[in-house]
Amino acid sequence: MSEHTGILCPEDSLIVTYVDDRKWTFEYPRLEWEILELFHAAIDDWHAGEVVLAEETYRQLVADYPEFIDAHHHLALLLSETGREQKAFQLWQEVVALGLERLPQDFEMGRDLLPWLILENRPFLRAYHALGLGYLERGEAEKSLDIFNNILAMNPGDNQGIRALVVDCNLRLNRPADVLEICSRYHGDGMEQLVYGRVLALYQLGRKAEAEAALSDAVQLLPLVAQELVKNLHRKPHKLHPDYVTYGGADQAYYYWIEQGQYWENTPGAIEFVRLHLGPRDHAPEVVRQAQELPLRQDMVTLLTFVRDNKVVGTQSTGNMPLKAVREVTARFVNPPQLDTTIGDHTYRLRSEEDVWPLYFLHILAEVGDLLAIARARRWRLTPVGERFLDEDPLLQVKFLLVVWWYQVNWLVAYPFQGMGEALPPDLEEATLARLRALPVATRVPFEEFADGLIEETGLTWTAPDSTYATMSLRGSVERMIIHILGTFGAVEREYRAEPLGKGTLRKLNAFEVTPFGKALLDAVATVS
């Protein structure tokens, strides 16, 4: 079990003795109570911000008592936190080598134990853990895995959560079968890395039915992790405590994504698998029918297939669709828009794709949602995401498009007036979603009352110097960016009134109501909020 170590200490100052039932313990004969008090005082100094004083004490302790593994370990922690990671890593290498060197010749990994419950074993187990993390940070997952497997062999009760790191290493090394082995060894464990690591490993192995069952169990136990996996944007929760993670909380889900999300992203179809599982399984036939028949969805399919089947080259100046293609594709829409306008004897012909909002809106959703690759003077191309979109269930297609609008598109594109400023309030999307979901379905809501409440809550502001029409303009922004867009998605029904304007009338939004279809869509948006 021994290897050369750079730390030299008297042979009898650090020994490993047999306890019973293959259990062993480290012993430190020279570390009297006064020495341990000095060590704990250094820890208090460090926590109080006296870093230099703490480091001096640690260094004096390891100089006088080189067998003092915990002092070496805490010195390495301090070095790491103060930007001296390489020195910390070297110290962990040396102190772990010292501990391994002192294991008896007949100590056998997988048979003999260094239980965490024996307090004297903890310094070595902590240092060995830190060394494994050091190798992992350096991209040496194979070495990390060897260390973590050794720790589990010596302390199978795993009070340190090493089993989660074994899952991490095996996912990095593309060994899903080994992930399942560790999950089976700790069957019923509630650590998120194991709960969801088992799902991912089964999916990678093509065992879809088992993965579906495992995912059902995972969602029942830790639903927020699944919801975090399918988000388009992963925002740090407002309240993160530096010293603990809330089991089942948003912080746990967020940290899981930060640490493990790469493995899900790198597994084709895995995140979509979770998203489909989270989607309602028993939508009313009317909801499914509305998704199938929604003109917006049908027009998006038309646009994507048109680009797939035809050579569309973006314009030199903007990358937009050329006018010939605009006329061809919009003619295939469910409700073809009017492209030219005749006033009197003069006909004003189409000048740009941006003049055709139904098409330009689809362009924005497709480009931002990564359904189409668009560039100046380059051919528009259907992306792999776009290809999958065409094969998806209609309801999922509609949900996807609304999520793209809600979280990825700048809403000002629907109301591009200078008085709105350069950016919207940061909480506008979340506040709007909360207010809409709180409304009873199929119940008439006065528009101006809704708009004024949202404007006040979010601080939506008209920034133009002339504020004469500020209220009207801000209400107009809510109508165009929110209610009109939701109407396009079939999520709301709108009621208008006619107001006198000169010799004619002005059509003005009077009220709206959230439809059952809209409720299903808004709930879907909330799952990725």
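Not measured: the values here are computed from a predicted model. (Residues numbered from 1 in each chain as written. Predicted model: local features only at pLDDT ≥ 70, side-chain atom pairs only at ≥ 80, totals over all residues. Heavy atoms only, no water.)

A. The pairing of strand S1 (residues 15-20), seen in detail. Alignment of S1 against strand S2 (residues 23-27), held across five bridges, turns out to be antiparallel. Bridge pairing links Asp20 to Lys23 in S2. Linking two consecutive strands that pair antiparallel, namely S1 and S2, is a turn of two residues; a positive phi of about 50° is found at Asp21 within it. (Pairing = 2+ DSSP bridges. Helix = DSSP H or I, 4+ residues; strand = E, 2+ residues; numbered from the N terminus.)

B. Fine view of the sheet that holds strand S7 (residues 445-446). One open sheet holds the three strands; their spatial order is S7-S9-S8, and the pairing between them is antiparallel. Two strands lie at the open edges of the sheet, namely S7 and strand S8 (492-501), each paired on one side alone. Summarising the sheet, S8 and strand S9 (residues 504-514) pair through ten bridges and their orientation is antiparallel. Residue pairing across strands places Glu493 opposite Glu513, the latter belonging to S9. Strand contacts of helix H22 (residues 470-488): S8 and S9, with the helix running at about 125° to S8, the strand carrying the most contacts. (Contact = heavy atoms within 4.5 Å. Axes fitted to C-alpha atoms, helices over the stretch in contact; angles between N-to-C directions.)

C. Helix H2 (residues 51-64), seen in detail. An ideal rise of 1.5 Å per residue puts 20 Å on 14 residues; H2 measures up with 20 Å between its terminal C-alpha atoms. Inspection of H2 places Ala54, Glu55, Thr57, Tyr58, Leu61 and Val62 among the buried residues, and these make up the whole buried set. Buried residues in H2, looked at end-on, bunch into an arc of 160°, giving them a common side. Exposed and oriented more than 90 degrees from the buried face of H2 are Val52, Glu56 and Ala63. (Expected span 1.5 Å × (residues − 1). Buried < 20%, exposed > 50% of the residue type's maximum accessible area, 1.4 Å probe, protein only. Arc of directions from axis to C-beta.)

D. Quick peek at the pattern of salt bridges. Scanning the model with the defined rule gives 35 salt bridges in all. Across the pair Arg475 and Glu448 runs a salt bridge, and its minimum N-O distance is 3.4 Å. Highlighted residues: Arg475 in helix H22 and Glu448 in helix H21 (residues 447-458), separated in sequence by 27 residues. Ionic pairing is found between Asp523 and Lys519, a salt bridge with its closest N-O pair at 3.3 Å. On the criterion of helical spacing, the pair formed by Asp523 and Lys519 is a turn pair, its members being four residues apart in helix H23 (residues 516-527). Classification of Asp523 as partly exposed rests on a relative accessible area of 25%. Since its relative accessible area comes to 30%, Lys519 is described here as partly exposed. Residues joined in a network through salt bridges with shared partners are Glu448, Asp452, Arg475, Arg497, Glu499 and Lys508. (Salt bridge = Lys/Arg side-chain N within 4 Å of Asp/Glu carboxyl O.)

E. Region of the structure containing the nonpolar core. Counting residues in each nonpolar core, the largest one holds 91 residues, and the members touching the most others are Phe26, Tyr58, Leu114, Phe124, Tyr196 and Trp264. With residues near it in sequence (within four places) discarded, Phe124 still touches Phe26, Ile69, Val96, Gly99, Leu100, Leu114 and Met154. Grouped together as the second largest cluster of nonpolar side chains are 80 residues, Met300, Leu382, Leu390 and Trp405 included. (Core = buried A, V, L, I, M, F, W, Y, C linked by side-chain atoms within 4.5 Å.)

F. Up close: the environment of Ala97. Within the secondary structure, Ala97 sits in helix H4 (residues 85-101). For Ala97, a relative accessible area of 5% translates into the label buried. Put simply, Ala97 and Ile7 are 90 residues apart on the chain and 8.5 Å apart in space, counted from C-alpha to C-alpha.

G. The arrangement of unusual backbone geometry in detail. Notably, Asp158 is not glycine yet its phi reads approximately 50°, a positive angle. For Asp158, the position within the fold is in the loop between helix H6 (141-154) and helix H7 (162-172). Judged by its relative accessible area of 4%, Asp158 falls in the buried class. Within the chain, Asn174 stands out as a residue other than glycine whose phi angle is a positive 60°. Within the secondary structure, Asn174 is located in the loop between H7 and helix H8 (176-185).

H. Spatial organisation of the side chain of Gln397. Topologically, Gln397 is positioned in helix H19 (residues 394-408). The residues touching Gln397, leaving out its near neighbours within four places in the chain, are Arg297, Val301, Phe389, Leu390 and Glu392.

I. Layout of the side chain of Asn170. Relative to the helices and strands, Asn170 is located in helix H7. Of the residues examined, Asn170 reaches a relative accessible area of 3% and is grouped as buried. Once you skip the residues sitting within four places of it in the chain, Asn170 turns out to touch Leu145, Arg175, Asp178 and Val179.

J. View of the packing of aromatic side chains. By the definition in use, this model includes 19 aromatic pairs. Relative to Trp411, the ring of Trp406 lies with its centre 5.2 Å away and its plane at 80°, an arrangement referred to as edge-to-face. Taking the relative accessible area as the measure of exposure, Trp411 reaches 1% and is therefore buried. Positioned over the ring face of Tyr203 is Lys208, at 4.6 Å from the centre of the ring. (Phe/Tyr/Trp six-rings, centres within 6.5 Å; stacked < 30°, edge-to-face > 60°. Lys NZ or Arg CZ within 6 Å of the ring centre and 35° of its normal.)

K. Molecular detail of the packing of helix H1 (residues 33-47) against H2. Remark: H1 packs on H2, axes separated minimally by 7 Å, with the N-to-C direction vectors making an angle of 155°. If you check the angle between H1 and H2, you find them roughly antiparallel. Two packed elements cross with a definite hand, and for H1 against H2 that hand is left-handed. Where H1 approaches H2, its residues Ile35, Leu38, Phe39, Ala42, Ile43, Asp45 and Trp46 are matched on the opposing element by Val51, Leu53, Ala54, Thr57, Tyr58 and Leu61. (Parallel < 35°, antiparallel > 145°, perpendicular 65-115°, else oblique. Left-handed = near helix turned anticlockwise from the far one by under 90°.)

L. Spatial organisation of the state of the cysteines. According to the stated counting rule, one finds zero disulfides in the structure shown. Counting only cysteine sulfurs, Cys169 is the nearest neighbor of Cys183, a cysteine outside any disulfide, at a range of 14 Å. (Disulfide = S-S within 2.5 Å.)

Treat this as a map of the structure, not an account of what it does.
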